[in-house]
Amino acid sequence: MRLEQTFETASLEARSPFELRLHQGRGMPESVVKQALVNGDMGFLHSFTTGSTVDGPGVRVVGWTAGCQYRCLYCHNPDTWNMMNGLPVTLEQAAQGLRKYRHGLKIMSGGFTLSGGEPLMQDRFAVRLLAAAQEMGIHTALDTNGHLGARLTDEELLKIDLVLLDIKAWDAERHRYLTGKDVAPTLDFARRLAAHKRPVWLRYVFVPGLTDKEEDIAQIAGFAAGLNNVERVDVLPFHQMGRFKWEELGLNYALADVEHPTREAVERACALFRAEGLKAF
Ligand code: SF4
């Protein structure tokens, strides 16, 4: 199978990441996948979307990678958990797809954000694509849960102009319950980014009854403020837009009865971050 054929017969661009996309990489030989993960010559992408104003500064093109090691109870894109649901795309094809936007992104003070899924599941591809974008003069951002941050060298951190770091919970048990993984590697990555003075926007998903404990949020706020590199905090209200994906995939969705948080509750969470001197929205 030629990779170019794979890409040409399927569309990388989507109207939104909420499109359910499955089995785009089906049939890709395992040896090719393994090689791609080692050298980053190829990646697996759910899609590219344009026009985002919530994934970094200005207007952004977002590359949504496939593959994630977390299993967040509130995940709105569970189709990105499996890397083989992503479309196999060569590095050159992905860079080419981005190149056509470079002038527009500059005019709109925007850039390129690599999100997911978890982009660092494909760390070699992620680093090389972000480096290619930066070489085109495009501002680069990585949206990550930080769990695999140790895969990036110090030099590679410089290819990322901004890290959107998702901290899911402070309490270790709560974090494991919520995501299936430990929080410690994420906090280590946050400290390392701070030591290297790399800009960070912190993201916190606020779920009523799950991530709304004030003491937990206050702990994250104190931690973030002490890092001195967190430029802003986005408190993201839980929503049900991904619910249909859980149903389509036959997954057990534990949050089916959870309501959207009230504006006042989200504002109270923001106030906890502001109390530590952080900008929170
Ligand atoms: S880290 Fe993101 S993509 Fe992965 S399970 Fe959590 S919400 Fe979903």
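Remember, predicted model here, so these are calculated numbers, not experimental data.

Chemist: Where do I start with the state of the cysteines in this structure?
Modeler: In protein structure, a disulfide is the covalent linkage between the sulfur atoms of two cysteines. Applying the stated rule across the entire model yields zero disulfides. With no disulfide of its own, Cys270 lies closest to Cys72 among cysteine sulfurs, the gap being 20 Å.

Chemist: Explanation requested: the nonpolar core in the structure shown.
Modeler: One recurring pattern in soluble globular proteins is that nonpolar side chains are buried together. Of all hydrophobic cores here, the largest spans 59 residues; its most connected members are Phe112 and Phe273. Among all residues touching Phe273, those that are not within four sequence positions of it are Leu202, Ile217, Ile220, Ala221, Val233, Val235, Leu278 and Ala280.

Chemist: Is there a simple way to explain the sheet that holds strand 4 (residues 111-115) in this structure?
Modeler: By way of backbone hydrogen bonds, the strands of a sheet pair with one another, either parallel or antiparallel. Strand order across the open sheet formed by eight strands is 3-1-2-4-5-6-7-8, with mixed pairing between neighbours. Taken across any chain shown, the strands that pair with only one partner, and hence form the sheet edges, are strand 3 (87-90) and strand 8 (230-237). Averaged over all pairs of adjacent strands, the angle between their axes in this sheet comes to 30°, without regard to strand direction. Those strands touched by helix 8 (residues 184-195) are strand 5 (139-144), strand 6 (162-166) and strand 7 (200-206), and its axis lies near 155° from that of strand 6.

Chemist: What exactly am I supposed to notice about the site of the ligand here?
Modeler: Around the ligand, the neighbouring residues are Cys68, Tyr70, Cys72, Cys75, Trp81, Gly117, Asn145 and Lys168. In terms of residue class, the shell around the ligand is made up of five nonpolar, two polar and one charged.

Chemist: What am I meant to see in the packing of helix 9 (residues 214-227) against helix 11 (residues 263-274) here?
Modeler: Pairs of packed helices are described in terms of their axes, by the angle between the two and the distance that separates them. Contact geometry for helix 9 and helix 11: axes closest at 8 Å, N-to-C directions at 35°. Of the two possible hands of crossing, helix 9 and helix 11 adopt the one that is right-handed. Contacts between helix 9 and helix 11 involve Glu214, Ile217, Ala218, Ile220 and Ala221 on the former and, on the latter, Arg268, Ala269, Leu272 and Phe273. Among the residues forming the contact of helix 9 with helix 11, the class breakdown is seven nonpolar, no polar and two charged.

Chemist: In this structure, what is going on with helix 7 (residues 172-179)? I would like to understand it.
Modeler: Note: α-helices contain 3.6 residues per turn, so residues at a spacing of three or four share the same orientation. Along helix 7, the residues classified as buried are His175, Leu178 and Thr179. End-on view of helix 7: buried residues confined to an arc of 75°, all on one side of the axis. What points out from helix 7, more than 90 degrees from its buried face, is the exposed set Glu173 and Tyr177. Two residues or fewer after helix 7 comes Gly180, characterised by a positive phi angle close to 90°.

Parameters and conventions
- Residues numbered from 1 in each chain as written.
- Predicted model: local features only at pLDDT ≥ 70, side-chain atom pairs only at ≥ 80, totals over all residues.
- Heavy atoms only, no water.
- Disulfide = S-S within 2.5 Å.
- Core = buried A, V, L, I, M, F, W, Y, C linked by side-chain atoms within 4.5 Å.
- Buried < 20%, exposed > 50% of the residue type's maximum accessible area, 1.4 Å probe, protein only.
- Contact = heavy atoms within 4.5 Å.
- Pairing = 2+ DSSP bridges.
- Helix = DSSP H or I, 4+ residues; strand = E, 2+ residues; numbered from the N terminus.
- Axes fitted to C-alpha atoms, helices over the stretch in contact; angles between N-to-C directions.
- Near = heavy atom within 4 Å.
- Nonpolar A, V, L, I, M, F, W, Y, C, P; charged D, E, K, R; others polar.
- Left-handed = near helix turned anticlockwise from the far one by under 90°.
- Arc of directions from axis to C-beta.

So yeah, pure geometry; function would need other evidence.
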